[in-house]
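# Structure assessment
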Amino acid sequence: MSFDYDLFVIGGGSGGVRAARVAAGENGAKVALAEEDRYGGTCVIRGCVPKKLMVFASEYAGMVEDARAYGWDIQPGAFDWPQFRGKLHAELDRLEGIYRNILKNNGVETFDQRAKLVDPHTVELADGTRKTAKHILIATGGRPVVPEFPGSDLAITSNEIFHLEKLPETMLIVGGGYIACEFAGIMNGMGVKTTQFYRGAQILRGFDDEARGLICEEMCQNGIDVHLGTNVLEMKKQGDKIWVKATNGSEQLFDVVMYATGRAPNADDLGLEALGVERGRKGQIVVDEYSQTAVPSIYAIGDVTDRVNLTPVAIREGMAFVETVFKGNPTPVDHELIPTAIFTQPEMGTVGLSEEQAAEQEPIEVYAISFKPMQKAFAGGTQRVLMKLIVSQATRKVLGCHIVAPGAGEMIQLAGIAVKMGATKEDFDRTVAVHPVMAEELVTMRQPVRTA
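Residues numbered from 1 in each chain as written. Predicted model: local features only at pLDDT ≥ 70, side-chain atom pairs only at ≥ 80, totals over all residues. Heavy atoms only, no water.

## Some words on the overall build of the protein chain
Helix and strand content of the protein chain: 13 helices and 22 strands. For the protein chain, the residues scored as buried account for 48% of the 452 residues in total. For the protein chain, the exposed surface amounts to about 21200 Å²; the carbon and sulfur share of it is 51%. Of note, the protein chain has its 46 positive side-chain charges centred 1 Å away from the centre of its 59 negative side-chain charges. (Helix = DSSP H or I, 4+ residues; strand = E, 2+ residues; numbered from the N terminus. Buried < 20%, exposed > 50% of the residue type's maximum accessible area, 1.4 Å probe, protein only. Areas by Shrake-Rupley, 256 points an atom, 1.4 Å probe, with all protein chains shown as cover. Lys, Arg positive; Asp, Glu negative; His and termini not counted. Charge placed at Lys NZ, Arg CZ, Asp CG, Glu CD.)

## Details of the nonpolar core
Counting 46 residues, the largest nonpolar core has M54, I161 and M187 as the members making the most contacts within it. At six residues, the largest contribution of residues to this core is made by helix 6 (residues 178-189). Core analysis: the second largest hydrophobic core is formed by 25 residues, Y39, L95, V108 and A139 among them. (Core = buried A, V, L, I, M, F, W, Y, C linked by side-chain atoms within 4.5 Å.)

## Thoughts on the packing of helix 1 (residues 14-25) against helix 4 (residues 81-105)
Closest axis-to-axis distance for the helix 1/helix 4 pair is 9 Å, and the angle between their directions is 25°. The orientation of helix 1 with respect to helix 4, classified from their angle, is roughly parallel. Classified by chirality, the crossing of helix 4 by helix 1 is left-handed. Across the interface between the two elements, S14, V17, A20 and R21 of helix 1 pack against Y99, I102 and L103 of helix 4. (Axes fitted to C-alpha atoms, helices over the stretch in contact; angles between N-to-C directions. Parallel < 35°, antiparallel > 145°, perpendicular 65-115°, else oblique. Left-handed = near helix turned anticlockwise from the far one by under 90°. Contact = heavy atoms within 4.5 Å.)

## Concerning the packing of aromatic side chains
Scanning the model with the defined rule gives nine aromatic pairs in all. A ring pair is formed by F162 and F183, whose centres lie 5.8 Å apart and whose planes are at 65°; its orientation type is edge-to-face. Linking F162 in the loop between helix 5 (158-161) and strand 8 (170-174) with F183 in helix 6, this pair joins segments that are 21 residues apart in sequence. Assigned by exposure class, F162 and F183 land together as buried. Aromatic side chains Y299 and F321 sit 5.1 Å apart centroid to centroid with 65° between the ring planes, which places their arrangement in the edge-to-face category. (Phe/Tyr/Trp six-rings, centres within 6.5 Å; stacked < 30°, edge-to-face > 60°.)

## Regarding the pairing of strand 8
Two faces, one strand: in a regular strand the side chains alternate between the faces of the sheet. Burial within strand 8 is extensive, with five of its five residues counted as buried. Each parallel crossover has a hand, and the one from strand 8 via helix 6 to strand 9 (residues 193-198) is right-handed. Here strand 8 pairs with strand 14 (residues 256-259) via four bridges, running parallel. Bridged to L172 within strand 14 is V257. (Right-handed = clockwise from strand over helix to strand, strands pointing away. Pairing = 2+ DSSP bridges.)

## As for the environment of V9
Tracing the backbone shows V9 in strand 1 (residues 5-10). Residue V9 is classed as buried on the basis of its relative accessible area of 0%.

## Some words on helix 1
Helix length check: helix 1 (12 residues) gives 16 Å between terminal C-alpha atoms against 16 Å at 1.5 Å per residue, within 8%. Summarising burial for helix 1: nine of the 12 residues are buried, a large majority. All of the buried residues along helix 1 are S14, G15, G16, V17, A19, A20, V22, A23 and A24. Looking at the buried residues of helix 1, the elements they touch are strand 1, strand 2 (31-34), helix 2 (41-46), helix 4, strand 6 (130-138) and helix 9 (311-325). (Expected span 1.5 Å × (residues − 1).)

## Points about the sheet that holds strand 12 (residues 241-246)
Taken in spatial order, the three strands make up an open sheet running 11-12-13, and their pairing is antiparallel. Looking at which strands have only one partner, the edges of the open sheet turn out to be strand 11 (232-238) and strand 13 (251-254). This sheet shows a mean twist of 25° between the axes of neighbouring strands, independent of strand direction. Relative to strand 12, strand 11 runs antiparallel, the two sharing six bridges. Each bridged residue has a counterpart across the sheet, and for V232 the counterpart in strand 12 is A246.

## Concerning helix 6
Under the 1.5 Å per step criterion, the end-to-end length of helix 6 is 16 Å for 12 residues, consistent within 8% with the ideal 16 Å. The buried fraction of helix 6 amounts to nine of the 12 residues, a majority that puts the element mostly inside the structure. For helix 6, the set of buried residues is A180, C181, E182, F183, A184, G185, I186, M187 and N188. Just beyond helix 6, the residue with positive phi is G191, at close to 100°.

## A few points about unusual backbone geometry
Most peptide bonds are trans, and most residues other than glycine sit at a negative phi. Along the chain, Q345 connects to P346 via a cis peptide bond; the corresponding omega equals 15°. Along the polypeptide, P346 turns up in the loop between strand 17 (340-342) and strand 18 (348-352). Phi is positive for L204, close to 60°, though the residue is something other than glycine. Along the chain, L204 turns up in the loop between strand 9 and helix 7 (209-221). You can call L204 buried: its relative accessible area is 0%.

## What to know about the side chain of K131
As for its position among the elements, K131 is in strand 6. Nearest to the buried, unbridged K131 among oppositely charged side chains is E109, at 5.1 Å. Those residues in contact with K131 that lie beyond four places of it in its chain are D4, Y5, F8, F111, H121, T122, V123 and L125. (Salt bridge = Lys/Arg side-chain N within 4 Å of Asp/Glu carboxyl O.)

## Here's the deal with the sheet that holds strand 9
One open sheet accounts for four strands, arranged 10-9-8-14; its pairing is parallel. Strand pairing shows two members of the sheet lacking a second neighbour, strand 10 (225-228) and strand 14, which therefore form its edges. This sheet shows a mean twist of 15° between the axes of neighbouring strands, independent of strand direction. As paired elements, strand 9 and strand 10 share four bridges and run parallel to each other.

## With respect to the pattern of salt bridges
On inspection of all chains with the given rule, the structure shows 30 salt bridges. For K51, the salt bridge is made with E182, and the minimal N-O distance between the two is 3.0 Å. With a gap of 131 residues between them, K51 in helix 3 (residues 48-69) and E182 in helix 6 connect regions that are remote in the sequence. No difference in accessibility class separates K51 from E182, as the two residues are buried. Residues joined in a network through salt bridges with shared partners are R38, D93, E96, R100 and D112.

In short, shape yes, function no, at least from these values alone.
Following this line, the structure appears as structure tokens:
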């Protein structure tokens, strides 16, 4: 049987574009890709990239204070949101153009419209055109969702925050995950009076308790009004503000309310159920270790599968798919020991098990130190950083590394290599310290602070 394409990719985000490019450019496959929105997906258009640029922008207010403490005659000024936003959108347009050119230069045919499946080898585009392919890859990503409650339609999500006409004076952010905590820091740094509600006992559930406790403490010190064990009951429009009634009994007015309480896979209305493609409890596409669905010709990668929802993971899954399907080299996706950064203020980098997870698994030693870093201490700041290693008593392997500090994301990338390679505490100890830097503490901690 002959097909129009060897591969048809639905979704033009990081994972889908990488799979399409490599299959076509490096393996000579005939590939097409359909994207109904903008190329680059969540990460480039409404996620990691614009968020990180906003983090950079928000940190300059603190830098001015520090510079003055170091003797620079610099006066604080106002933040110009319209100027920044214009430059931000121009940068996103540039990056989208790069993604389009990558596909074009590798011979991938693109369709700027929605696509859904008709049968295991056929997709139908929004204009009614049908295309056949030997393999179909779904990489449609995920989207933020707002739970339904009275007035929930008044809330925005992380998708809309990049498009605000003006910065609000007051803002409520609901949620305790990394997206909520990152944007609380961003908006606070830009001069917005920021309140954060989270229904749980502590922010950043699933991360190391000591690390997330320090982050919450520092967020409060930075001026964010964090309310734990608190949720929204109802919201109403009151003039040009939003009236919010909370479970703690408070009633407040805010200019903007942003929800970051969860995301859902973009797997609806793709024609999956009729073909026998299984979906999980959260609506995700169920796949095996090779990203293959219950229908042999259909694969799925990235956030739509709800495995590890990170851009580099989607890219890795796309590469493993090409290895498996087009290179004849069955390659399962490795989701173990993935380093990650949370761009809260202070920043966090983490790889491996938290202290709590490791202690449930086996006897451990915990090496940790918290201190004021030199740069901030000299400027009179009270901010603290944390360096922490979780070590197996039996094998001496470093099971987890957790850093809360400026530049933690940069540090954890390198620490992640050591942890992934199975480095022991003694391997860390044998490494000569770089002085004076914060990260030297990772190789100078000699005595455990506790065992578990």
